[in-house]
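Now for the letters of each chain:
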Amino acid sequence: MEQGRVSTAPVLAAADTTIPRHVAIIMDGNGRWAKRRHLPRAAGHKAGVDAVRRVTRAARAMGIEALTLYAFSSENWRRPEEEVGELMKLLRFFIRSDLAELARENVRLRVIGDYRAFSPDLVALIDDAIARTAANSGPLLVIALNYGAQAELAAAARRLAARLPAERIDEAAIEAELDTADLPPLDLVIRTSGEQRLSNFLLWQAAYAELLFVDTLWPDFDAEALADAVAVFGRRQRRYGGL
Ligand code: FPP
């Protein structure tokens with residue numbers, strides 16, 4: 001498993017680099033970033049939003065078709081109420097401050113996960129943002145909100161069981177029921193901050209994705225770090241079970 005930065009020089013997406021179509025990121029390390037600076041955890045999340053903006057722009061510039069960001073897991077409700085509130089506040093802030101740029105840049109905003117469990121005003125804000133970018137034809141920015149892969153799979157199984165006889169429930173049928181049904185296949189999952197696990201993120205979709213764990217804390221992740229990750233991806237050999 002490759003760790004950390006792979007080079008100190010900026011690695012730009014050269015013409016011969018294979019650009020992954022769909023990159024997903026587990027944005028971890030906001031709390032530790034803040035702690036190192038003797039700041040409250042909320043300051044780490046705020047810096048995390050700046051990283052979201054930077055990396056979203058960089059992914060667009062590199063020609064990545066879909067970028068999926070794990071912003072709030074279905075397990076994150078276990079955090080103190082104040083921190084959950086802070087994350088919701090930042091999400092509102094991000095949509096309000098960045099939607100115009102995303103719309104102008106032809107980005108299609110999507111959400112995976114059960115975001116309808118959020119407060120009604122936030123649900124309305126998210127629905128409006130999705131609707132306002134739905135007719136765009138450019139890159140997809142997919143935000144995972146109240147997302148958990150096991151719940152996603154269980155919900156898909158329930159819907160299929162209500163509609164199809166057991167023998168017709170196959171991989172393709174399951175795939176078509178997932179929140180990610182119309183997204184490009186997942187190529188690369190990046191987790192920041194040195195932790196090496198998937199934490200209930202895109203478990204089905206990651207079946208043949210390349211996994212990359214980097215030590216960089218999420219608020220420090222930038223265009224160069226993304227380019228490094230893409231360069232590592234370009235050197236991986238994907239065999240999908242073959243030789
Ligand atoms: C993990 O860091 C990060 C999160 C649980 C939330 C990620 C959210 C953002 C970056 C901001 C909101 C997102 C958008 C799209 C506007 P951690 O708190 O678990 O860090 P730690 O492991 O160092 O404590």
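Each residue is numbered by its place in its chain's sequence as written, counting from 1. Totals for whole chains, interfaces and linings use every residue, but because this is a predicted model, local features are given only for residues with pLDDT of at least 70 and side-chain atom pairs only at 80 or more, for both listing and counting. Side-chain figures throughout are based on the complete set of non-hydrogen atoms in the structure, without hydrogens or water.

K.L.:
Teacher, can you tell me more about unusual backbone geometry here?
P.N.:
For residues besides glycine, phi is generally negative; the peptide bonds are generally trans as well. With phi around 80 degrees, Ser193 is a residue other than glycine that occupies positive phi space. Considering the arrangement of structural elements, one finds Ser193 in the loop between strand E5 (188-191) and strand E6 (210-213). Phi at Ser199 takes a positive value of approximately 45 degrees, unusual for a residue other than glycine. For the purposes of this entry, the term helix denotes a DSSP run of H or I that reaches at least four residues, the term strand denotes a run of E that reaches at least two, and both are numbered from the N terminus. On the secondary structure map, Ser199 appears in the loop between E5 and E6.

K.L.:
Would you mind going over the site of the ligand with me for this structure?
P.N.:
Neighbouring residues are identified by heavy atoms, a residue being near a molecule or strand if any of them is within 4 Å of it. Around the ligand lies a shell of 16 residues, among which Met27, Gly31, Arg32, Arg41 and Arg79 are the nearest. Pairs of N or O atoms are called polar contacts if they sit within 3.5 Å, as long as, within protein, a hydrogen donor faces a hydrogen acceptor (for residues adjacent in sequence, only side-chain-to-side-chain pairs). The separation between an oxygen atom of the ligand and a polar main-chain atom of Gly31 is 3.0 Å. Contact distances for the ligand include 2.7 Å between an oxygen atom and a side-chain N or O atom of Arg79. Note on areas: Shrake-Rupley, 1.4 Å probe, and residue coverage restricted to the protein chains presented here. For the ligand, whose accessible area on its own is 630 Å², the fraction buried by protein is 91%. Looking at the shell around the ligand, the elements that each hand over two or more residues are helix H1 (30-36), helix H2 (41-62) and helix H3 (81-104). Of all the elements, H2 adds the most residues to the shell around the ligand, at four residues. Residue polarity follows a fixed list, in which Ala, Val, Leu, Ile, Met, Phe, Trp, Tyr, Cys and Pro are nonpolar, Asp, Glu, Lys and Arg are charged, and the others, Gly among them, are polar. Residue composition of the shell around the ligand, by class: six nonpolar, six polar and four charged.

K.L.:
What is the right way to look at helix H5 (residues 149-163) in this model?
P.N.:
For an α-helix, 3.6 residues make a turn, and residues three or four places apart therefore share a direction. Between its terminal C-alpha atoms H5 stretches 21 Å, which fits the 21 Å expected from 15 residues at 1.5 Å a residue. Three exposure classes are used, based on accessible area relative to the maximum for each residue type with a 1.4 Å probe and protein chains only: buried under 20%, partly exposed in between, and exposed over 50%. Regarding H5, the residues found buried are Ala149, Glu152, Ala155, Ala156 and Leu160. Burial along H5 is one-sided: seen end-on, the buried residues are contained in an arc of 130 degrees. Facing away from the buried side of H5 by over 90 degrees, the exposed positions are Gln150, Arg158, Ala161 and Ala162. Contact definition: two residues touch when any of their heavy atoms are within 4.5 Å. Against strand E4 (140-147) and helix H6 (171-177) lie the buried residues of H5. What a helix is expected to span follows from its residue count: subtract one and scale by 1.5 Å. Of all possible arcs, the one meant is that of the directions from the helix axis to the C-beta atoms.

K.L.:
Quick question: what am I supposed to make of the nonpolar core here?
P.N.:
Taken as a class, soluble globular proteins show a tendency for nonpolar side chains to be buried jointly. Ile25 and Phe118 are the most contacted members of the largest nonpolar core, which has 49 residues in total. When residues of this core are assigned to their parent elements, the largest contribution, nine residues, is made by H3. Among residues more than four places away in sequence, those in contact with Phe118 are Phe72, Trp77, Met88, Leu91, Val123, Ile126, Leu145 and Asn146. Within this scheme, the nonpolar core is defined by two criteria: the residues are buried Ala, Val, Leu, Ile, Met, Phe, Trp, Tyr or Cys, and they are joined through side-chain atoms within 4.5 Å. Counting residues in each nonpolar core, the second largest holds 17 residues, with Ala24, Ile112, Ala144 and Leu202 among its members.

K.L.:
Help me understand the packing of H2 against H3 in this model?
P.N.:
For any two helices packed against each other, the geometry is given by the interaxial angle and the distance between the axes. Between H2 and H3, the shortest axis-to-axis distance is 10 Å and the interhelical angle comes to 30 degrees. Between H2 and H3, the crossing angle belongs to the class labelled roughly parallel. Judged by the twist between their axes, the crossing of H2 over H3 is right-handed. Across from Arg41, Ala42, His45, Lys46, Val49, Val52, Arg53, Thr56, Arg57 and Arg60 in H2, the residues of H3 making contact are Glu83, Glu86, Leu87, Leu90, Phe93, Phe94, Ser97, Asp98, Glu101 and Leu102. A breakdown of the residues in the contact of H2 with H3 according to their chemical character gives eight nonpolar, three polar and nine charged. As a rule, the C-alpha atoms of each element are fitted with a line to give its axis, helices using only the stretch in contact, and angles between N-to-C directions run from 0 to 180 degrees. Comment on the angle field: the value is read as roughly parallel under 35 degrees, roughly antiparallel over 145, roughly perpendicular from 65 to 115, and oblique elsewhere. Crossing chirality is assigned from the near helix's rotation relative to the far helix, an anticlockwise turn below a right angle marking it left-handed and a clockwise turn marking it right-handed.

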